[in-house]
2 protein chains.
Amino acid sequence: MKHKTLLDIARLAGVSPSTVSRALRNHPDINKNTIKKIKQIAARNNFSPNPIAQGLKTNTTSTIGVIVPEITHDFFATAISGIEEVIYKSGYTLLLCQSNESSERESLNIDLLLNHRVAGIIASISESTLNGTHFKKVLKRKTPLVFFDRVCTDIAADKVIIDDEKGAFDAVSFLLAKGYKRIAHLKGPDNLSNCSQRYKGYVKAIGKIGIKPEKSLIISGGMNEIDGYNSMAKILKMKKRPDAIFAVNDPVAIGAFQKIREEGLAIPRDIAIVGFSNNIITSLITPGITTIAQPSFEMGKTAASVLIERIRKGNKGENKIIVLDTQLIIRDSA
Amino acid sequence: MKHKTLLDIARLAGVSPSTVSRALRNHPDINKNTIKKIKQIAARNNFSPNPIAQGLKTNTTSTIGVIVPEITHDFFATAISGIEEVIYKSGYTLLLCQSNESSERESLNIDLLLNHRVAGIIASISESTLNGTHFKKVLKRKTPLVFFDRVCTDIAADKVIIDDEKGAFDAVSFLLAKGYKRIAHLKGPDNLSNCSQRYKGYVKAIGKIGIKPEKSLIISGGMNEIDGYNSMAKILKMKKRPDAIFAVNDPVAIGAFQKIREEGLAIPRDIAIVGFSNNIITSLITPGITTIAQPSFEMGKTAASVLIERIRKGNKGENKIIVLDTQLIIRDSA
DNA sequence: CACGTCTCCGCAAACGTTTGCAAAGATCTT
DNA sequence: AAGATCTTTGCAAACGTTTGCGGAGACGTG
């Protein structure tokens, strides 16, 4: 069965294609009755205009491109879910790309999306993205762009983030209040803005009580479980172990958790741990991991809303930075 | 900056647009040297043909539509990741839809994808999809279609599944071998083929040692944690409790797990539990949950490969049913 | 030399929309 | 009654490709 075209509807209604085109979009030039008649006929034939032809004519589509490092991360999966919800309601569709934490792949994804004439792009940058040169292409094409969570600081675009520094500060302050003295930090890559912010929060919190951060207690690594596992292994080999761990995110905390358990140590008795993100899993393991709740679904939703607003306004206006709230979730790991 | 067009390249090369079009696709009618020259010029101007114009002309796109019940499910997230991997490598892009377990939404998603002239569709049906009438539209449009995991039995399409009956049989047999006598089953919706298959496997396993399944030990519910939690609550109220639980999937197992823990019971001492899918989480909680490993990433990859093969062959040929292997993963919950 | 056969390329139509412009008829103004 | 203005519609070009067909020139053949 073939799709009906504007011309088919025009013939059925006894008018010209241009009238149908205008009628379906409630153009004020068209008579109210004509509009009603045409809409009826269109509905009866369940016609909807070919988005490809529309795209060709208008040089834009109703598709929104999304680039995330990895779909399988709990945080990104639920953020995408939030994005999908508002995009869907607004009549857009979602073109999904995965950078696999590779900057080159990210750049190719951008080319792909621009080539597809997406109406806008929502992105969270990869671990290996050191600067935003490839995002400049997006700006050049005047394609609306919004970052969420992992943002590019050198690119002028809307940004939806959380107060990572404050979250980290809260987490570490909590540990300090509990009486822990030597707190290690499993740090993420420096080029990721949120990681360096979390690091700042860590430094600030321990600085507040007059301690200087010990170099040896700061272990840099990636954002995955395996990274937490490896960093923890290093820590456990130290002669003077820390009594608590602040992990840059939950997967890293989980990795550390596993290593600690493997060594037969008890949490929090031998070593305490707090994470960041409030992935579901932190509530299911024993002991539950104290963490910072990050509104992932909400972040996806607002990123999408902000983007759509920008699209509707013709990509005009100041760049917004929206900061969402975090919350300390206390469980038994500290 | 505007996108370059075929015409721009044609002018630069001093040939007609048709020649450029053919040259870029290595049409045999075009002289080898001309091809080389045109390709050079195209590359230098980093031109790539406008997919929208191509789509209009050829009435198909290089986009593949994916419909899943929920992106946030571990299983679907990793399956999507697998899909993305092969789609990307093959030069296609991924249009993602979420049915939110709603059959109507699923139907709308199908309309959307067909309207967008996707090259093919990969789907896993929703919990509330009782029959495949809305998938008939896909067949009518002759759009290639492949189901994975949750398939529509009444629709002629390629299918990528696992042997759910065997998986369930293995899981329950394992419990029986361990000496458990009264095994309850937290069952999924009957309309989901894989759920009814798992149920069959359960019945078969306990039938094999001469026991008849007790009606009261079979609790129907959904596929989420909350369903497992609620079903478990019912079970714990029974006067004569089962000594083991076989859950239709891991989220349900986790829900049951939480309820059991809340009641202060011990796993597996008071009650044993086995799940299905091998979500990461089952390995992280204590005790680890015995489950059936389901190759989610692999399923996504093969679904995509099968679809692309079908697209390339012009949607011809027999419908394939590909059954992937499962594996019993023994942990401490039984 | 006349003809057929290849090789290579361009013309122009087509895909299904959108939109500037013109124009026909209706209504108003003086 | 004759313009002027407003309302409503249609014409035709355009968006950037693809593709059937035709044709110009090169080459071979008898």
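One can find the structure itself at the top, above this paragraph.
Residues numbered from 1 in each chain as written. Chains lettered and ligands numbered in written order. Predicted model: local features only at pLDDT ≥ 70, side-chain atom pairs only at ≥ 80, totals over all residues. Heavy atoms only, no water.

Caption draft 1: Spatial organisation of the overall build of chain A. Across its full length, chain A carries 13 helices and twelve strands. The C-alpha radius of gyration of chain A comes to 25 Å, more than 25% above the 20 Å expected for a compact globule of 334 residues. Considering only C-alpha atoms, chain A reaches an extent of 85 × 35 × 30 Å along its principal axes. Expressed as a percentage of its 334 residues, the buried residues of chain A come to 56%. Expressed as a percentage of contacts within chain A between residues at least 6 apart in sequence, the contacts between residues at least 24 apart total 72%. Of the roughly 14,400 Å² of accessible surface on chain A, 52% is carried by carbon and sulfur atoms. (Helix = DSSP H or I, 4+ residues; strand = E, 2+ residues; numbered from the N terminus. Rg over C-alpha atoms; globule rule 2.2 N^0.38 Å. Buried < 20%, exposed > 50% of the residue type's maximum accessible area, 1.4 Å probe, protein only. Contact = heavy atoms within 4.5 Å. Areas by Shrake-Rupley, 256 points an atom, 1.4 Å probe, with all protein chains shown as cover.)

Caption draft 2: The relation of the copies chain A and chain B, seen in detail. Each copy superposes on the other: chain A lies on chain B with an RMSD of 0.1 Å after a rotation of 180 degrees and an axial shift of 0.0 Å. On this basis, the relationship between the two copies can be described by a two-fold rotation axis. (Least-squares fit on C-alpha atoms with pLDDT ≥ 70 in both.)

Caption draft 3: Fine view of the environment of A:H73. All names here are of chain A. Mapping H73 onto the fold places it in the loop between β1 (63-68) and α5 (74-89). Judged by its relative accessible area of 13%, H73 is buried. Remark: the alpha-carbon pair of H73 and P251, spanning 178 residues in sequence, is separated by 8.7 Å. The residues touching H73, leaving out its near neighbours within four places in the chain, are M223 and N224.

Caption draft 4: Spotlight on the protein's contact with DNA strand D. Taken together, 23 residues are adjacent to DNA strand D, and A:T19, A:R22, A:K57, B:L6 and B:S21 come closest. Each atom of DNA strand D within 4 Å of the protein was assigned to sugar, phosphate or base; sugar and phosphate come to 57%. Contact between DNA strand D and B:N50: a phosphate oxygen at 3.3 Å from a main-chain N or O atom of the residue. For the surface near DNA strand D, the per-class residue count stands at seven nonpolar, ten polar and six charged. (Near = heavy atom within 4 Å. Polar contact = N/O pair within 3.5 Å; in protein donor to acceptor, adjacent residues only side chain to side chain. Nonpolar A, V, L, I, M, F, W, Y, C, P; charged D, E, K, R; others polar.)

Caption draft 5: Seen up close, the packing of helix α2 (residues 17-24) of chain B against helix α3 (residues 32-44) of chain B. All names here are of chain B. Taken N-terminus to C-terminus, the directions of α2 and α3 make an angle of 95 degrees; their axes are 9 Å apart at the nearest point. Between α2 and α3, the crossing angle belongs to the class labelled roughly perpendicular. Across from T19, V20, A23 and L24 in α2, the residues of α3 making contact are T34, I35, I38, K39 and A42. Residue composition of the contact of α2 with α3, by class: six nonpolar, two polar and one charged. (Axes fitted to C-alpha atoms, helices over the stretch in contact; angles between N-to-C directions. Parallel < 35°, antiparallel > 145°, perpendicular 65-115°, else oblique.)

Caption draft 6: How the structure looks around unusual backbone geometry. With an omega of -5 degrees, the peptide bond running from A:T286 to A:P287 counts as cis. For A:P287, the position within the fold is in the loop between α12 (281-284) and β10 (291-293). In this model, B:I267 is joined to B:P268 through a cis peptide bond whose omega is 5 degrees. With respect to the helices, strands and loops of the structure, B:P268 is situated in the loop between α11 (250-262) and β9 (272-274). We note that A:N59 has phi near 60 degrees; this positive angle belongs to a residue other than glycine. By secondary structure assignment, the location of A:N59 is in the loop between α4 (51-58) and β1. Positive phi, normally seen in glycine, also occurs at B:N315, with a value near 60 degrees. For B:N315, the location among the structural elements is in the loop between α13 (296-312) and β11 (321-324). Take B:N315: its relative accessible area is 26%, and that puts it in the partly exposed class.

Caption draft 7: Structural context of helix α5 (residues 74-89) of chain B. Residue and element names in this part refer to chain B. Given a rise of 1.5 Å per residue, 16 residues ought to cover 22 Å, and the 23 Å separating the end C-alpha atoms of α5 matches this to within 8%. Of all 16 residues in α5, twelve are buried, a share of seventy percent or more. For α5, the set of buried residues is F75, F76, A77, T78, A79, I80, S81, G82, I83, E84, V86 and I87. Positive phi shows up at G91, right after α5, with a value of about 85 degrees. (Expected span 1.5 Å × (residues − 1).)

Caption draft 8: Summary view of the protein's contact with DNA strand C. The environment of DNA strand C is made up of 24 residues, and the closest members are A:L6, A:S21, B:T19, B:R22 and B:K57. Counting only the atoms of DNA strand C that lie within 4 Å of the protein, the sugar and phosphate share comes to 59%. Within the contact set of DNA strand C, a base oxygen lies 3.4 Å away from a side-chain nitrogen or oxygen of A:K57. Between a phosphate oxygen of DNA strand C and a side-chain N or O atom of B:T34, the distance comes to 2.8 Å. Those elements that place two or more of their residues in the surface near DNA strand C are α2 (17-24) and α4 of chain A together with α2 and α4 (51-58) of chain B. The residue makeup of the surface near DNA strand C, split by class, is seven nonpolar, ten polar and seven charged.

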